[in-house]
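Each chain, letter by letter, is given below.
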Amino acid sequence: MAEQNNQNNNKKGQQTQDLNQLLKVRREKFENLQEAGKDPFVITKYDQTYHAEEARAEYEALEAKLLVGKDMPDTEGMEPEEAKKVKTEAYNERRAIMDANPIKVSIAGRMMSKRVMGKASFCNVQDKSGNIQVFVSRDELGTDEYADFKKLDVGDIIGVTGYVFRTMMGEISVHADTVTLLSKSLQVLPEKFHGLTNTDIRYRQRYVDLIMNPEVKDTFIKRSQILSCIRRFLDDQGFMEVETPMLVSNAGGAAARPFMTHFNALDEDLKLRISLELYLKRLIVGGMERVYEIGRVFRNEGVDTRHNPEFTLMELYQAYTDYHGMMDLTENMFRHIAQEVLGTTTITYQGVEMDLGKPFERITMIDAVKKYAGVDWNEVADTEAAKALAKEHHIEFEDFHKKGDILNLFFETYVEEHLIQPTFVMDHPIEISPLTKKKPEDPNYVERFEMFMNGWEMCNAYSELNDPIDQRERFAAQDALSDAGDDEAEHTDEDFLNALEVGMPPTGGIGYGIDRLVMLMTDSPAIRDVLLFPTLKSIQ
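The rules behind each value
Residues numbered from 1 in each chain as written. Predicted model: local features only at pLDDT ≥ 70, side-chain atom pairs only at ≥ 80, totals over all residues. Heavy atoms only, no water. Pairing = 2+ DSSP bridges. Helix = DSSP H or I, 4+ residues; strand = E, 2+ residues; numbered from the N terminus. Axes fitted to C-alpha atoms, helices over the stretch in contact; angles between N-to-C directions. Contact = heavy atoms within 4.5 Å. Buried < 20%, exposed > 50% of the residue type's maximum accessible area, 1.4 Å probe, protein only. Parallel < 35°, antiparallel > 145°, perpendicular 65-115°, else oblique. Left-handed = near helix turned anticlockwise from the far one by under 90°. Nonpolar A, V, L, I, M, F, W, Y, C, P; charged D, E, K, R; others polar. Disulfide = S-S within 2.5 Å. Expected span 1.5 Å × (residues − 1). Core = buried A, V, L, I, M, F, W, Y, C linked by side-chain atoms within 4.5 Å.

### As for the sheet that holds strand β11 (residues 310-319)
Sheets are built from strands that pair by backbone hydrogen bonding, the pairs being arranged parallel or antiparallel. Strand order across the open sheet formed by eight strands is β6-β10-β11-β20-β19-β18-β15-β14, with mixed pairing between neighbours. Looking at strand neighbours, the two that pair on one side only are β6 (240-241) and β14 (361-364), the edges of this open sheet. Across two bridges, β6 lies against strand β10 (residues 290-298) in parallel orientation. Looking at the pairing, Glu 241 lines up with Tyr 292 of β10.

In structure tokens form, the structure reads like this:
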């Protein structure tokens, strides 16, 4: 074992030494460029006329137009020499037709590979659309320019002018007239065939991750498409996008511990927002009727595969509707996003298939607990009975918890994991819903729902509480919980109460966690995989 460890240490030491030598060589190349008056960092712009996929698509379209009846011949059964001759003649004929109608391009991107073969070489250039091969000839570039090309390193950013052609092997490529070094890479990219696989490094150096792993870039392209799709959907529904403060004196709208900061100019302690809710409701009071915001919120809590301390939330509020209206809007929106971005309403996450095309199930929290835990909460008399039941089922609770809190603990313990297909869980206990309108027929419960998929809470919605007297009582109850040690309890917000006293119409509201939605729609196993720069512990 000791011998094996020594061998591993020797190997790592050799790798470090080799890497240091490569970095040294790159620095020396850069210094030589500066001395020769060819410093790439003095270049301020480059006329990029095509991306890789645009050049490829235009060439294929021109082929389809000009090469009708000029397909490559079927040489099966021919002798190798004869087959080669027939193919070469057909290729040369096709090439002559296409070269007579050249597509001239100027592309730019990162050189991902290079093969030097005497007087002619190939390299691969990667831009935002993908990769394209480049053919570089000494006769075309000139002796000095070709010598400069051979000194380029993988990772360098280059500009290439030339024309598009298809090689004998069938690969659409660019025949280079000029190659310009636009930026020198002084670091060494991960080895081509193994890529960047260390998860921690991938998150810390997302810029390298995006270069080496095309599927990572695709995830973030889809994230952008999902956000754009949400905006278009809501805009078409008559909603208006707004922006509200991130720095607040009272972080309300959710049960979470806020981050604290100090504003020097006013000598006041402030908090980073944990929700978008209370300011958006003020806008409903102001008569804006349909508003939404997509923005970062911050919660001082743990980190795991589904939680990051800063994340993206979308909240919307619509006057003159209730939580049933929010269910209809949510179902339509999720179905629309899947169809628009993925091209299907059936999504697969880590091997689990979920169907957004079917009507979403709707079930009350009491019925869900009865179904999966075998406990009928309608038969639980009071808080003491609920605590006794929790002890019997080995569910931990706090002294300040009431009957409704413990119902929610039963739900989290027994129900959530079963909610794989899209499901609306309705009618939560009032104890966990301080901003929600009571159900008229049973004031112990509220008009609230959470939508679940894959066992995850995907969104949270209410018939919003607009009674300022009731809201003040709810805030007082939250203040009491805070005094009892609940550091996630809300606090009385006097300005918000004043807004309610001015008058807020009946309103439906909902909050969507964008990151979890992107996780599901990109089959990403962890929230860090859908955040470009997730929160990580600093390297000491």
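Past the structure itself, the notes keep going.
### As for the sheet that holds strand β3 (residues 130-137)
Spatially, five strands are ordered β1-β2-β3-β5-β4 in a closed barrel, and the strand pairing comes out mixed. Strand-to-strand twist across the sheet, computed as the mean angle between neighbouring axes with direction ignored, equals 55°. As paired strands, strand β1 (residues 104-117) and strand β2 (residues 120-127) are joined by seven bridges and run antiparallel to one another. Pairing of Arg 110 across the sheet is with Gln 126, part of β2. Helix-sheet contacts for helix α5 (residues 143-150) involve β1, β2, β3 and β5 (172-183), and the interaxial angle to β1 is about 65°.

### Quick notes on unusual backbone geometry
Despite not being glycine, Asp 267 shows a phi value in the positive range, around 50°. Positionally, Asp 267 belongs in the loop between β8 (260-263) and β9 (268-272). The class for Asp 267 is exposed, based on a relative accessible area of 57%. One non-glycine residue, Asp 523, lies in positive phi territory at about 55°. Along the polypeptide, Asp 523 turns up in the segment after α16 (514-522).

### Remarks on the pairing of strand β17 (residues 442-446)
Relative to β17, strand β16 (residues 438-439) runs antiparallel, the two sharing two bridges. In the sheet register, Lys 438 faces β17, and the bridge partner there is Val 446. Hairpin connection of β16 to β17: two residues between the antiparallel strands.

### Comments concerning the packing of helix α12 (residues 383-392) against helix α13 (residues 403-414)
Where α12 meets α13, the closest approach of the two axes is 8 Å, and the angle between their N-to-C directions is 25°. One element, α12, and the other, α13, form an angle in the roughly parallel class. The interaxial crossing formed by α12 with α13 has left-handed handedness. Here α12 contributes Thr 383, Ala 386, Lys 387, Leu 389 and Ala 390 to the contact with α13, which in turn contributes Lys 403, Ile 406 and Phe 410. A per-class count over the contact of α12 with α13 returns five nonpolar, one polar and two charged.

### Re the state of the cysteines
The full count for this structure, using the stated rule, is zero disulfides. Just so you know, Cys 459 is unpaired, no disulfide at all, and the nearest cysteine sulfur is the one on Cys 229, 16 Å from it. You can call Cys 459 buried: its relative accessible area is 1%.

### Observations regarding helix α10 (residues 323-342)
The terminal C-alpha atoms of α10, which comprises 20 residues, lie 28 Å apart, in line with the 28 Å expected from a rise of 1.5 Å per residue. Restricting attention to buried positions, one finds in α10 the residues Tyr 323, Met 326, Met 327, Leu 329, Thr 330, Glu 331, Met 333, Phe 334, Ile 337, Ala 338 and Val 341. Trailing α10 by a residue or two, Gly 343 shows a phi angle of about 80°, which is positive.

### Remarks on the nonpolar core
Grouped together as the largest cluster of nonpolar side chains are 45 residues, with contacts concentrated most on Ile 230, Leu 234, Met 314, Leu 316 and Phe 449. No other element matches the nine residues that α10 contributes to this core. Setting aside its immediate chain neighbours within four residues, Phe 449 contacts Tyr 323, Met 326, Met 327, Thr 330, Phe 424, Val 425, Met 426, His 428, Cys 459, Asn 460, Ala 461 and Ile 510. Judged by nonpolar contacts, the second largest core, of 28 residues, contains Leu 62, Ile 107, Val 125 and Val 160.

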